[in-house]
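A look at the structure
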Amino acid sequence: MDELKDFMAECKDKGVKITPQRLAVYKILAGKAKHPIINEIYEEIRRDYPSLSLNTIYKTIQLFIELGMVSQFTSREGVIRYEVKLAPHHHVLCLKCRKIHDVFDSSLDELKVSPPLKGGFEIIRHDVIFYGYCSKCKQEGR
Ligand SMILES: [Zn+2]
Ligand SMILES: [Zn+2]
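Residues numbered from 1 in each chain as written. Chains lettered and ligands numbered in written order. Predicted model: local features only at pLDDT ≥ 70, side-chain atom pairs only at ≥ 80, totals over all residues.

Some words on the overall build of the protein
- The helix and strand inventory of the protein stands at seven helices and five strands.
- Counting from the amino terminus, the protein carries its helices and strands in the arrangement α-α-α-α-β-β-β-β-α-α-β-α.
- Considered along the principal axes of its C-alpha atoms, the protein spans approximately 45 × 45 × 30 Å.
- Sequence-distant contacts, at least 24 apart, represent 48% of the contacts inside the protein between residues at least 6 apart. (Helix = DSSP H or I, 4+ residues; strand = E, 2+ residues; numbered from the N terminus. Contact = placed C-beta atoms within 7 Å.)

So, in C-alpha cells, the structure goes:
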C-alpha cells in the first residue's frame, strides 16, 4: 500500500513515533472500510489490539488530523466520519445502504458563499454531501 509508505515517511519527517497501534489505526482509515466512524475503527482494531481503548483511538485520529494526514467530516446522521487525506473532494451518500463515495469536482471546490450568508465568518474550507440512492439500491427498489 503506497499510502502506508507515505504515512511512515511523513511520521518520520514530523518526528512522530510509529507504534503498531498507530499504524493499525491508519491502515483501517486507508483501507477498504472507507469513511469509517470511530466505532467501526474500534471494532476492527479490537480484533488485533483488544486492550486499545476508544479514547486512545480517538487521540490517535486527532493526532493524524493535526498532522494533516486524516480529515473528518460530519454526515447527515450527525456522526463524524474519517478518511485519509486525499485531494480536495466531496461525498455522495446512499440513503439506503449508507455507502459513501468520493466526488471529485473542481466546480464544487470553488463554491463561494455570498457575504450575507457568512454572517461574519471567515470560511476556511467546505465539503459538500449529496444524498441519493446508489445503483445497487436503485435496482433493488430502494
Ligand atoms: Zn445503496
Ligand atoms: Zn472521501
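Quick look at the packing of helix H2 (residues 20-30) against helix H4 (residues 54-66)
- One way to put it is that H2 packs onto H4 with a least axis distance of 10 Å and a crossing angle of 75 degrees. The pairing of H2 with H4 is recorded here as roughly perpendicular in orientation. Only Ile57, Thr60, Ile61 and Phe64 of H4 make contact with H2, whose side of the interface consists of Gln21, Arg22, Val25 and Tyr26.
- Residues belonging to the contact of H2 with H4 are distributed by class as follows: five nonpolar, two polar and one charged. (Axes fitted to C-alpha atoms, helices over the stretch in contact; angles between N-to-C directions. Parallel < 35°, antiparallel > 145°, perpendicular 65-115°, else oblique. Nonpolar A, V, L, I, M, F, W, Y, C, P; charged D, E, K, R; others polar.)

A short note on the pairing of strand E1 (residues 70-74)
- Of the strand pairs in this sheet, E1 and strand E2 (residues 80-84) are connected by five bridges, and their pairing is antiparallel. Residue pairing across strands places Val70 opposite Val84, the latter belonging to E2.
- Hairpin connection, E1 to E2: the antiparallel pair is bridged by five residues, and Gly78 has positive phi, about 80 degrees. (Pairing = 2+ DSSP bridges.)

Some remarks on the sheet that holds strand E4 (residues 100-103)
- Taking strand neighbours across the sheet as the criterion, the three strands line up as E4-E3-E5 in an open arrangement whose pairing is mixed. Strand pairing shows two members of the sheet lacking a second neighbour, E4 and strand E5 (129-132), which therefore form its edges. The average undirected angle you get between the axes of adjacent strands in this sheet is 25 degrees.
- Relative to E5, strand E3 (residues 90-94) runs parallel, the two being bridged by four bridges. When the sheet's bridge partners are listed, Val92 is paired in E5 with Phe130.

With respect to the domain arrangement of the protein
- Under the domain assignment used here, the protein contains domain 1 (2-84) and domain 2 (90-139).
- In this structure, domain 1 and domain 2 have C-alpha centres spaced 23 Å apart.
- With five residues of domain 1 at the contact, the number on the domain 2 side is five residues.
- Here the residues of the side of domain 1 that touches domain 2 are counted per class, giving one nonpolar, two polar and two charged. (Domains from an automatic or database assignment.)

Looking at the nonpolar core
- Val25, Leu29, Ile61 and Val70 are the most contacted members of the largest nonpolar core, which has 14 residues in total.
- Those elements that provide at least two residues to this core are helix H1 (2-14), H2, helix H3 (38-46) and H4.
- The element contributing the most residues to this core is H2, with four residues.
- Residues contacting Val70, with those up to four places away along its chain left out, are Leu29, Ile61, Phe64, Ile65, Tyr82, Glu83, Val84 and Lys85. (Core = buried A, V, L, I, M, F, W, Y, C linked by C-beta atoms within 7 Å. Buried ≥ 20, exposed ≤ 12 C-beta atoms within 10 Å, placed from the backbone.)

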